[in-house]
Amino acid sequence: MRATFHLKTLAVAVAALSVASAASAAGLDRSGQDVTAFLQDGTYAEAVYTYIDADVTGKDTSGNKIDDIAESYDFFRYGVKADINDTFSVGVLYDEPFGAAADYTGDNNFVNANGEGTNVEVRTESITGILGAKFGQNKNFQVYGGPVAQRVKADVKLRGPAYEAANGYTTNINADQDYGYIAGVAYSKPEIALKASLTYRSEIEHNAQASEIYPVVGSGLIPAPVVSALGLSTNRVDSIEITTPESVNFDFQTGINPTTLATAKVRWVPWSDFAIVPSLYNDVSKISTQDDKGLALVSYDDDQWQVELGLAKRVAPALAISGTVGWDSGAGDPVTSLGPIEGYYSAGLGAKYNVTENWAISAGGKYLWFGDAKGQIPTKTIVSDFESNDGFVLGVKVSYQAQ
């Protein structure tokens, strides 16, 4: 007899997988820009909280110990979706896709003589509106797309002799909102609980304002004629272009039997195209590099690939458990000293409990083994070495679904 796969039944297992799917990944990647809330059946809403705590320690090139630089990082994700009719659906998603939080303390080359350490914090927020249309004889195919509004802000402080002449440099990039788009295609086969989707998000070009302080300009170390010729000053407020990267997500699931589901996620982000280039920092760097192009404050050498495989099992009518394994390529090694890890391997566990027919709560955790990396400053000089680091991710989700 042929087994029957019921999406409503297996949905208990599906959501148990996705709660802690975000992690401290390559570049500034954080939320993974998940869109599966929009691809749920019927009316659907979710609220997700994610907490990341990493332990990233190492040594500078003088052999000094660098205590944990990774500050805990948390964010929310929300999603609502409704069917207009059996063809059209609408949804709104909120997430915080990119970010960073690092703080150097102790006695090492990333802390200045006054005890002030290097610090970075980057935050982004995105709101995505989506319209989807199903087609095909059984409405198995769906195309979807819509606008994306995104805000970004950042604060960077470089302190200590590791940064050479840039010791004391500070920039504050004010919050800026700009727009991009999302587009995708999905296929479903309810008889075997199969769903597959391919989602593209465009890059978003931000034109923000950066306030910079660069003490070396007024220290006398740079000859006055050079300072004058380049129009340099200790303080500068100027516009800055930051382009957050495009991305492609592939999500897949299929039933193995009536109570077991297999999933796969693949994500690509071209971090090698990303850079933060404040104008004062860039102008001063032209002196040391003797290059009209100058240097970026933050950049990456490689693109990111992320893969996650999972299994979910319904163990009771209202309870499912799940497990995942994952890999993230990182964005190069050596990598910026403001985020010195090279990807990770991960293992996660999750569970979902249906409190009522419509309401459910999910919780999950993931352990991360970070790849060893050497930290470098923008001149490509190696300034630190980070090995044998790890971290964890915790997530909680409340969801509502009516079909």
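Residues numbered from 1 in each chain as written. Predicted model: local features only at pLDDT ≥ 70, side-chain atom pairs only at ≥ 80, totals over all residues. Heavy atoms only, no water.

Engineer: Got a minute to help me understand the overall build of the protein in this structure?
Structural biologist: When helices and strands are counted, the protein shows three helices and 24 strands. Taken against the 2.2 N^0.38 rule, which gives 22 Å for 403 residues, the C-alpha radius of gyration of the protein at 23 Å falls within 12% of a compact globule. With the principal axes as the frame, the protein shows a C-alpha extent of 85 × 40 × 30 Å. The buried share of the protein, taken over its 403 residues, is 53%. Put simply, of all contacts in the protein between residues at least 6 apart along the chain, 71% involve residues at least 24 apart. In the structure as shown, the protein presents an accessible area of about 17,200 Å², 56% of it carried by carbon and sulfur atoms. (Helix = DSSP H or I, 4+ residues; strand = E, 2+ residues; numbered from the N terminus. Rg over C-alpha atoms; globule rule 2.2 N^0.38 Å. Buried < 20%, exposed > 50% of the residue type's maximum accessible area, 1.4 Å probe, protein only. Contact = heavy atoms within 4.5 Å. Areas by Shrake-Rupley, 256 points an atom, 1.4 Å probe, with all protein chains shown as cover.)

Engineer: Where do I start with a nonpolar patch on the surface in this structure?
Structural biologist: Residues Phe 135, Phe 141, Val 143, Val 185, Tyr 187, Leu 198 and Phe 250 make up a contiguous nonpolar surface patch of about 560 Å² in total accessible area. One can find Phe 250 in strand S13 (residues 247–257). (Patch = residues over 30% accessible without salt bridge, like charges linked within 9 Å, V, L, I, M, F, W, Y side chains within 5 Å. Salt bridge = Lys/Arg side-chain N within 4 Å of Asp/Glu carboxyl O.)

Engineer: Please explain the environment of Tyr 181 as it appears in this structure.
Structural biologist: Take Tyr 181: it is sitting in strand S9 (residues 170–189). Residue class for Tyr 181 comes out partly exposed when judged on its relative accessible area of 43%. Considering only alpha carbons, one finds Tyr 181 and Gly 145, 36 residues apart in sequence, at a separation of 7.2 Å. Aside from chain neighbours lying at most four places away, what touches Tyr 181 is Gly 146, Pro 147, Val 148, Tyr 200, Arg 201 and Ser 202.

Engineer: Can you help me understand the side chain of Asp 95 in this one?
Structural biologist: When you line up the elements, Asp 95 lands in strand S5 (residues 88–95). Despite its burial, Asp 95 pairs with no opposite charge; the closest candidate is Arg 201, at 5.2 Å N-O. A distance of 2.7 Å separates the side chain of Asp 95 from the side chain of Ser 31, its partner in a polar contact. Those residues in contact with Asp 95 that lie beyond four places of it in its chain are Ser 31, Gln 33, Phe 76, Arg 77, Thr 124, Glu 125 and Ser 126. (Lys, Arg positive; Asp, Glu negative; His and termini not counted. Polar contact = N/O pair within 3.5 Å; in protein donor to acceptor, adjacent residues only side chain to side chain.)

Engineer: Teacher, can you tell me more about the sheet that holds strand S2 (residues 58–60) here?
Structural biologist: Strand pairs in the sheet, formed through backbone hydrogen bonds, run parallel or antiparallel to each other. Pairing is mixed in the open sheet, where five strands are placed in the order S3-S2-S23-S22-S19. Each end of this open sheet is capped by a strand with a single partner; those strands are strand S3 (65–66) and strand S19 (335–336). (Pairing = 2+ DSSP bridges.)

Engineer: Would you mind going over the pattern of salt bridges with me for this structure?
Structural biologist: Between side chains of opposite charge, pairing is possible as soon as their charged atoms come close. This structure, assessed with the given rule, holds 17 salt bridges. Of the charged contacts in the structure, one is a salt bridge between Lys 265 and Asp 251, with a shortest N-O distance of 2.9 Å. Of the two residues, Lys 265 sits in strand S14 (residues 260–269) while Asp 251 sits in strand S13, which places them 14 residues apart along the sequence. A salt bridge links Lys 286 to Asp 283; the nearest nitrogen and oxygen atoms lie 3.3 Å apart. Of this pair, Lys 286 and Asp 283 both sit in helix H3 (residues 279–289), three residues apart, which is roughly one turn of that helix. Linked by salt bridges that have partners in common, Asp 74, Glu 96, Glu 121 and Arg 123 make up one network.

Engineer: Mind showing me how you'd approach the pairing of strand S20 (residues 344–354) here?
Structural biologist: Looking along a regular strand, one sees the side chains alternate between the two faces of the sheet. The alternating pattern of S20 places Tyr 344, Ser 346, Gly 348, Gly 350, Lys 352 and Asn 354 on a buried face, while none of Tyr 345, Ala 347, Leu 349, Ala 351 and Tyr 353, on the opposite face, is buried. Here strand S18 (residues 319–328) runs beside S20; their pairing, made up of ten bridges, is antiparallel. For Ser 322, the partnering residue across the bridge sits in S20 and is Gly 350. In this structure, S20 lies alongside strand S21 (residues 359–370), joined through eleven bridges in antiparallel fashion. Bridge pairing in S21 places Leu 349 opposite Gly 365. The turn joining S20 and S21, which pair antiparallel and follow one another in sequence, is formed by four residues.

Engineer: I would appreciate a short explanation of the nonpolar core in the present structure.
Structural biologist: The tendency in soluble globular proteins is for nonpolar side chains to be buried side by side. Judged by nonpolar contacts, the single largest core of 59 residues is most densely connected at Leu 158, Tyr 214 and Trp 271. Those residues in contact with Tyr 214 that sit more than four places away from it in its chain are Ala 165, Ala 166, Tyr 169, Thr 234, Leu 280, Tyr 281 and Val 284. Leu 93, Ile 130, Tyr 144 and Val 148 belong to the second largest nonpolar core, which has twelve residues in total. (Core = buried A, V, L, I, M, F, W, Y, C linked by side-chain atoms within 4.5 Å.)

Engineer: Just to check I follow, could you spell out H3 for this structure?
Structural biologist: The periodicity of an α-helix, 3.6 residues per turn, causes residues three or four positions apart to be oriented the same way. Within the span of H3, buried status applies to Ser 279, Leu 280, Tyr 281, Asn 282, Asp 283, Val 284 and Ser 285. Against the buried residues of H3 lie strand S11 (204–213) and strand S12 (235–244). Looking one or two residues beyond H3, the residue adopting positive phi is Gln 290, at roughly 50 degrees.

Engineer: Looking at this model, I keep getting lost on the packing of aromatic side chains. Mind explaining?
Structural biologist: To describe a pair of aromatic rings, one takes the distance between the centres and the angle between the planes. What the rule picks out here adds up to 21 aromatic pairs. Note on Tyr 169 and Tyr 214: the rings are 5.1 Å apart at their centroids and 65 degrees apart in plane angle, and the pair reads as edge-to-face. Of this pair, Tyr 169 sits in the loop between strand S8 (141–157) and S9 while Tyr 214 is found in the loop between S11 and helix H2 (224–229), placing the two residues 45 residues apart along the sequence. In this structure, Tyr 169 and Tyr 214 share a single accessibility class: buried. Residues Tyr 214 and Tyr 281 carry aromatic rings whose centres are separated by 6.0 Å and whose planes lie at 10 degrees to one another, so their mutual orientation is stacked. Here Tyr 281 lies in helix H3 and Tyr 214 lies in the loop between S11 and H2, a separation of 67 residues in the sequence. (Phe/Tyr/Trp six-rings, centres within 6.5 Å; stacked < 30°, edge-to-face > 60°.)

Engineer: So what exactly am I meant to see when it comes to the side chain of Ser 279 here?
Structural biologist: One can find Ser 279 in helix H3. In contact with Ser 279, other than residues within four places in its own chain, are Glu 212, Arg 236 and Asp 238.

Engineer: Please clarify how the environment of Gly 180 should be interpreted in this entry.
Structural biologist: Note that Gly 180 resides in strand S9. Separated by 121 residues in sequence, Gly 180 and Lys 59 place their C-alpha atoms 40 Å apart. Not counting residues within four places of it along the chain, the set of residues in contact with Gly 180 comprises Gly 146, Pro 147, Val 148, Ser 202 and Ile 204.

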